[in-house]
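The residues making up each chain are set out below.
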Amino acid sequence: MIASERVEELQKLRHTAAHVLAYAVQDLFPEAKPTIGPAIENGFYYDFDRKEAFTPDDLVRLETRMREIVAANYEMTGREVSRAGAIEHFKDNPYKVELASDIPDGEPITLYTIGEFTDLCRGGHAHTTGEIRALKLLSVAGAYWRGDEHKPQLQRIYGTAFPEQSELDAYVEFLAEAERRDHRKLGRELGLFSIEEDAGGGLVFWHPNGTIVRGIVENFIREGLRERGYQPVVTPHIVHEKLYEISGHLENFSASMFGPIEVEGQRFRLKPMNCPGHILIYRDALHSYRDLPIRFSEFGTVYRFERSGTLHGLTRVRGFTQDDAHLFCTPEQLQYEFEQTVEEALRLMRAFNFDDFEYFLSTREHRGPTDEIAEAAIRAALEKYNLPYQIDEGGGAFYGPKLDINLHDAIGRKWQLGTVQVDFVLPERFDLKYRGTDGADHRPVMIHRALAGSMERFFGVLIEHFGGNFPVWLAPVQAMVVPISEHQLDYAYEVRDQLRERGFRVEADASNEKLGYKIRHWKTQKLPYILVVGKSELADKTVSVNERGLPDGEKRAPITVAAFADELTVRVNRKN
């Protein structure tokens, strides 16, 4: 079976499993009103209106009933009905009545039945419930009817289903590993960041350890920017609303913007994008073709309104910092400049141990006369570096086609991070110019690039990719010096200071705990090295190295502080 057929069959199976879940809920909790239940990428869900919350014990009961329904091997049968017939059938369920009422004229309205349960559905199912050979209910979450927080809040039960038990077992183990790597949990345990609800959801507070790692990532990106001739700029966090009227963001992006702030009768907005600010800097001076390309870069913090139900740790927030850059070039320079951004994107991702990528050329929904030029530049860059890509029709921004770079982490999950866009629209909207070789004014082309995407999302992905076990060059604390007793504490400080002088991030444990406790504690903090110092190490001026990742019980011979510093230097330089 080819991949596309496999995906289609799984979708049908899981869609059927959603019906089975609704059937089980109807049997065990008849007061619960079923609403919608689609198949999703890794399983299915169904939303229910029920006053009492579903409990873990309820999920166990429901799963047992679902297996009974599966074992009965009910046939899935469908029939077409009139709108009035559908409304009559579901007259006691206002959600189904609303759905039936909203089906456009001319589209078929169908009801599907398994056993004694009938649902309003478009179709796409397994033939019988018996085809579901493995299923599991996973969790319960809140969800608003039709995703609107002004409408009733429902309970969403998530589950998954597979044609074979072995596939389900593998997926359950995958979920357990994903939970172990959850950046929200590790963020708390490792003191990296927090989301403080007193300050508002979706706003990140970076703790010292997290700030150190973020700074290392930023410095790595800045090195690449300097080498490629980018000039740093800084733009305000709040600007006049008219700027976004000119750019088109207010017309095309307003649902993702925070509302206006009125000051002295004028309306201001928290910036959702950095590009208009960079455009104003470009427009502030006259430019010749000799000046181009001009490359502005900014770690710019932007603010976007995300519904509270969609917020998720660092990966979906309301305030985030982009590694943003905008290039202004001549049409003749476009190809080279775009290729340079692709090179830098690959350098960035590979430095952080990512090596499995997907590339998407995202076209604009409403194509303009310059789209062919922009798309050709993106295609040529991808083909130059032999990068296979797919087309995402209509996935581009309103101001231009783009290249989206997705990556797969250590356990195979896909993340969308880097984006590079070609833009002929905003230079036109802002009447940008440069003086050409012919002495006339010409319009520059813009390239928008954010290769990490946002520092928050990128950091969240890094935490999960490494499972909190940051490589030595990224670790906020690279080594902890642990004295066996207070008699070696001064020597522990001496070792710490020697390593700090070599530029390493090292601390000393001055607690009065037993050695075993201290080692176990620092291992839970996922430090790359724990350096134990006792009587013999003090006498020999050495350290005993406890290295993360070595098999339990495997010990290294004590080495001098200088030798250990040389080892750290090699690992940092190799970025491992």
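Refer to the structure presented above.
A quick note: this is a predicted structure, and the numbers were derived from the prediction, not measured.

1. Side note on the overall build of the protein chain
- Looking only at helices and strands, one finds 18 helices and 28 strands in the protein chain.
- Over its C-alpha atoms, taken along the principal directions, the protein chain stretches across nearly 85 × 75 × 55 Å.
- Relative to its full complement of 576 residues, the protein chain shows a buried share of 50%.
- Across the protein chain, contacts joining residues at least 24 apart in sequence account for 70% of those joining residues at least 6 apart.
- Carbon together with sulfur atoms contributes 49% to the accessible area of the protein chain, which is approximately 27,700 Å² in total.
- Distance from the positive charge centre (71 side chains) to the negative charge centre (90 side chains) of the protein chain: 3 Å.

2. Details of the sheet that holds strand 14 (residues 266–270)
- With respect to topology, three strands assemble into an open sheet ordered 12-14-13, the strand pairing being antiparallel. On the outer flanks of this sheet lie strand 12 (238–240) and strand 13 (261–263), each paired with one strand and no other. On average, adjacent strands in this sheet sit at an angle of 40° to one another, irrespective of strand direction.
- Sheet topology note: the strand 13/strand 14 ladder contains three bridges and is antiparallel. The partner of Val 263 across the bridge, within strand 14, is Gln 266.

3. Things to note about helix 7 (residues 208–227)
- With 20 residues, helix 7 should cover 28 Å at 1.5 Å per step; its first-to-last C-alpha distance of 29 Å lies within 8% of that length.
- Of the residues making up helix 7, those classed as buried are Gly 210, Val 213, Arg 214, Ile 216, Val 217, Glu 218, Phe 220, Ile 221, Gly 224 and Leu 225.
- Looking at the buried side of helix 7, the elements it contacts are strand 10 (204–206), strand 15 (294–303), strand 16 (319–329), helix 11 (334–351), strand 23 (445–450) and helix 14 (455–466).
- Gly 229, located one to two residues past helix 7, shows a positive phi value of around 80°.

Procedures and definitions
Residues numbered from 1 in each chain as written. Predicted model: local features only at pLDDT ≥ 70, side-chain atom pairs only at ≥ 80, totals over all residues. Heavy atoms only, no water. Helix = DSSP H or I, 4+ residues; strand = E, 2+ residues; numbered from the N terminus. Buried < 20%, exposed > 50% of the residue type's maximum accessible area, 1.4 Å probe, protein only. Contact = heavy atoms within 4.5 Å. Areas by Shrake-Rupley, 256 points an atom, 1.4 Å probe, with all protein chains shown as cover. Lys, Arg positive; Asp, Glu negative; His and termini not counted. Charge placed at Lys NZ, Arg CZ, Asp CG, Glu CD. Pairing = 2+ DSSP bridges. Axes fitted to C-alpha atoms, helices over the stretch in contact; angles between N-to-C directions. Expected span 1.5 Å × (residues − 1).

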